[in-house]
Amino acid sequence: MSDIPHKRDELGRILVQVRNDLTELRKRLGRTAVREQGQTLDIDALDAAISRTEDGIKTRAEEYLKTVNKQVLTLPIIEDLEKKTKKIAKWRPPLETIPDMRPQKYLTAGASPGEKHKAAFTMRLLYNPAHPKNRELMHQAYGIQFPDLRKKTGTTVGTQKVVSGLTLGSLAVVPTGFQGSNPYPPPPLCEEDMRAGIASLVEKGLPPSVADLCLVRTPVKPKVTYLHQREGGSPNRIGVCERVGKRQKDVSQSKDVMQAPRISHPERPLTRTIVTPPPSAASDSKLPQGPARLTPLNCQCAPALPPAPVSKHCFNIVGGQIDPCAADFCTFKEHYCLCWGPLVEVLWQLERLMREYAVPHARVCGERLVALVQSGELDWGSGDMEQLLLTLENKEEVWELVKQPGQRYKGEGGRQAAAVRIQACWRRHQARTAYLEKQRRKWAAGTIAISWLLHAQVRRVRKSLQVTRLRHLENYRSRAEYLEANWSRLSTCRRTIIHVPSLGYSEQQRRSLQGFDILQNTQMGRLCDVKDENVEVIYVCPVQLGEDLLHYYTQLLGLQGAVETGEPTALPASCTKRFTILTPEAYQYFPSHKMCVSTLLKYSPHTLQRIKYLIQGKQAYLVSGVPHIDDLAVADELGVPVLGPEPAVAQLYGTKSGVRRIFTSAGVSVPPGHGDIYTLQQLHECLAQLMTDHLQVQCWLFKMDGEVGSRGTAYCDVSHLSFRPWALQEYHCRGPQLWRMAWAQEPVLLKCLEAVPALLASHAKPFNTSCYPTWTCFIEHFLKQGGVIEACPPSDSVTCLTVDLLVEPGGEVNMLSCGDQLHGPGGLQVAGYTVPQTSVSSDTLYSICMRVGHACQQRRILGYLSLDLVTFLEPSSLEQQVWAVDLDIGYSNQLAMTQLMLLMTGGTLSYRTGRLEVPPPVRANKPTARQKASVTTRFAVMSSQLLHTNLSMVRYSVFFQMCKAQGIGFDIKERQGSVFALHDSVERSSLSMVTISPDLQGALLTFARNLSVIHQEISAPNMQGETNFKDLIKNIEEVVGVTVQNSDKDHKEEPVQVCAVIAMHC
């Protein structure tokens, strides 16, 4: 703006020069008119004057206007050429400032006759400034915005002047931007100053940049044009004539104008436009967009015009080049000349894109292109291809061509782009390969490092555990030596026994057992050790007992004084204060892990601390169940010895193969068989050899080393072999002595080897199908764990009995309990016992037990043992045979129930005589000396695994009331009746029971009756529940029937035969 004062004189000089040139031109035109009669016409002088005038005005005006507003805005003089009533000035603006409106630009070669007619009609309207639609057509076609002047009275025609600058509503007030630069306030402006022109404004001191560049509002009379109405015209166009047109704004600006600062004012438009008076004040209606869509001013005086095509200023790009001389491109360029700078860059990008992708033809929509540039969304650096393609009319065809594979390499620079692409892909491949290799090595290094750290950590933990366990073992051995040296004194003095009924099975076995926690708590009879006045018992219970169970055992143990005196009303014995039941708090943290009691106690510091407090300053030792490695940790934490073997020794000799080695070294009879079998071939060979050696055996058993009871047992019946009669014939022909020779057995052995695989596949079956449903599953686990093959007794009368031994640390072996087994379904599952046993003579039984006990003591197997024997009559010699078949290391359920029986009867088991001796019943009269010396015998039937799911629906208080109502109870005076041992307070689905009677038959009948009554009381016809009551009752009824038949025979018959028959039915 600082250049404006210096250029005022130049503007004045330009105007003076223009006036002089026009005067000279007028003179020469006069001379030309005079000489025209003489056939002389100076055309060259006229052209030179006009050219000089155009150049001067153009150069100075552009320089001046660029300084002011960076735009060139000119407006041609609009006049009615047909009816000119007043002479106007001869000078005209330069022709370059008036757009070329020749109609031949619209009449393209490919246009239809209708389109040509519409274009010609449009051009006629553009040539006629008096037409009411001329203003809107000029704005739509060329971007020139004329002022919308209202209709005024009078027809005075004023002088027209060319004015450029901002369009302001009023110039009476000088803008604030200029007030600060002039020390003297400018004079006020009036309407006459506005009509006087720009020279008058300059003389008044106003800069041209703030002056309105507008034409004198000269009213023009409208001229009505009559057109014929086109057929098929739409009647909806009539309403368009009645609409009131409003002023439109053209926001097309050049790049310089977009960078210039903008002044925001509510009355001032942001764009610079050329304002001109309309042809008539009556032209208020607004035309639709497009230069060819026109409607007459008055619908009553003119018919509706046909619709004209909407111009989008489209042009073609052929072969990647734009023809600059094409009519459509020239039209587009002229229309958007004010913003041509940014469009050049976009057009260059479009041309390059079409050349690079070898697009033969593309139709560009100019309006979309300009809108894209003005939106500012185009990335000038990269040239967004998708946005550029959106400006095409045939974008679908171009896009289909562009997206074809390899199309980029068919166009300009395709070979170079392909080479660059190949090099880039190859370098990417090399870099990617190197990166992946580096990542792989990095991952491998990380994996190795983490594995090494984990290995080192595990090794440190293992080493620490080994050190800890070695310390536990050393402490165990040192305490075991102390226990061995002081056992004779410790067994008679005041002592505390810590009972931990732990079943230290493997994790797989523990998880496969249902109700494992309750199964560990079936030895509540251990509390009965308090019958010795020198003993205090700490019982670690695996489940939480309720107040009802604690009250029950307190009452039960308090009956010891009543049993001794025979008075039910006697005061509770002192033993109620000598037992404590504790539950490890870790059972809450591991409810579903099925841990043994030793492990739970190991992770229960509060319980360990309480036990330490209870045994402080007292002699104590720990009695476990099945040995476990955590027994040593608990004992070391408590600082007490363990009455039991080392866990490793127990694991070695607790298997079926280890037990056979103990029995063989002890010199007791064992079933024919073979141990330590780990391969299928070894299994076939051993079975074939055993079948050949013992042809009289009809059934063979397969026992897993690591399983318990009948879970890991299978059987195979060989009596149906086709060659078995021939083999027996060969055996009888050779004789027992020669049959031991290998040459005599060879033919039969080969036959057996050939038949064994098919025999096992078709006739071998597991006993417990819930654990191992098929022989294939069984043999798979059998070969993993190892096992033995044993012969079934070759007799129909077989009795199984269990003897509980105590191998004391001092070396003595004591028999604590012995009883015949009652079997459940299948014949191998033990359901109960009858105590004392009556199937084997006492001397024979004692001899076997002592030999087995000493063999265990030699191998440092101390503590409680449970020995299983079978007895039967040899078919050939009818001699009684006793086989040792199993040895369980640990405290047994039979021993716990025996302790309960001895507490309730006050008697003792005489293993020399094989009798349960109890004091005689207390009579009302004073007993004689003979009565005091005499003792009576009792028989007991006991079971610790009575299961009935309906028991859970009955509270224990209701259960005992029901038993009392049905006559189920214990007579303290007579020392006979029924006693229960309860297991838990939550599930209440299992219990233990002991029935005591003067004879075995009465004990069996009482036991069966109790089961029947309980089942009837807690069951309904439609809700029987899961129970083993029925199978046990059926077994007992068969045994009772046999005993009744045998009682009618000779009473001098050996009791061994009677017991053999009973055991057979059991």
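Residues numbered from 1 in each chain as written. Predicted model: local features only at pLDDT ≥ 70, side-chain atom pairs only at ≥ 80, totals over all residues. Heavy atoms only, no water.

Draft legend 1. Seen up close, the packing of helix H21 (residues 605-614) against helix H22 (residues 629-638). Two elements in contact, H21 and H22, have axes whose closest approach is 10 Å; the angle formed by their N-to-C orientations is 50 degrees. Relative to H22, H21 is oriented oblique. H21 and H22 meet at a crossing whose hand is right-handed. In this structure, H21 uses Leu608, Ile611 and Lys612 to contact H22, whose residues at the interface are Val634, Glu637 and Leu638. (Axes fitted to C-alpha atoms, helices over the stretch in contact; angles between N-to-C directions. Helix = DSSP H or I, 4+ residues; strand = E, 2+ residues; numbered from the N terminus. Parallel < 35°, antiparallel > 145°, perpendicular 65-115°, else oblique. Left-handed = near helix turned anticlockwise from the far one by under 90°. Contact = heavy atoms within 4.5 Å.)

Draft legend 2. Region of interest: the sheet that holds strand S8 (residues 699-704). Reading across from one edge, S7-S11-S8-S9-S10 is the order of the five strands in this open sheet, with antiparallel pairing throughout. Two strands bound the open sheet, and with one partner strand each, they are strand S7 (673-677) and strand S10 (764-766). Strand-to-strand, the axes of this sheet are offset by a mean angle of 20 degrees, without reference to chain direction. Sheet topology note: the S8/strand S9 (residues 713-717) ladder contains five bridges and is antiparallel. Opposite Leu701, over in S9, you have Tyr715 as the bridge partner. Running over the sheet, helix H25 (residues 680-693) touches S7, S8 and strand S11 (787-791) and is turned about 170 degrees from S7. (Pairing = 2+ DSSP bridges.)

Draft legend 3. Examining the sheet that holds strand S3 (residues 495-499) more closely. Within the open sheet, the four strands sit side by side as S5-S4-S3-S6. Their pairing is parallel. What marks the edges here is a single partner per strand, and that holds for strand S5 (579-582) and strand S6 (620-623). Ignoring which end each strand starts from, the neighbouring axes of this sheet average 20 degrees apart. Two elements, strand S4 (residues 535-540) and S5, share four bridges in a ladder whose sense is parallel. Pairing of Val540 across the sheet is with Leu582, part of S5.

Draft legend 4. Representation of the pattern of salt bridges within the structure. Using the criterion set out here, one finds 22 salt bridges in the structure. Salt-bridge contacts for Glu646 lead to Arg477; the nearest nitrogen and oxygen are separated by 2.9 Å. With Glu646 in the loop between H22 and helix H23 (647-653) and Arg477 in helix H14 (residues 414-485), this residue pair connects regions lying 169 residues apart in the sequence. Of the charged contacts in the structure, one is a salt bridge between Glu484 and Arg860, with a shortest N-O distance of 3.9 Å. Of this pair, Glu484 sits in helix H14 while Arg860 sits in the loop between helix H29 (842-858) and strand S15 (863-873), placing them 376 residues apart in sequence. Taking the relative accessible area as the measure of exposure, Arg860 reaches 38% and is therefore partly exposed. Each of Arg352, Glu356 and Arg408 takes part in salt bridges that share partners, so that together they form one network. (Salt bridge = Lys/Arg side-chain N within 4 Å of Asp/Glu carboxyl O. Buried < 20%, exposed > 50% of the residue type's maximum accessible area, 1.4 Å probe, protein only.)

Draft legend 5. Structural context of the packing of H25 against helix H27 (residues 742-763). At a minimum axis separation of 8 Å, H25 and H27 run at an interaxial angle of 130 degrees. By the angle between their axes, H25 is oblique relative to H27. The two elements H25 and H27 meet at a crossing, and its hand is right-handed. The residues of H27 that touch H25, namely those facing Leu683, His684, Glu685, Leu687, Ala688, Gln689, Met691, Thr692 and Asp693, are Gln745, Val748, Leu749, Cys752, Leu753, Val756, Pro757, Leu759 and Leu760. Residues belonging to the contact of H25 with H27 are distributed by class as follows: twelve nonpolar, four polar and two charged. (Nonpolar A, V, L, I, M, F, W, Y, C, P; charged D, E, K, R; others polar.)

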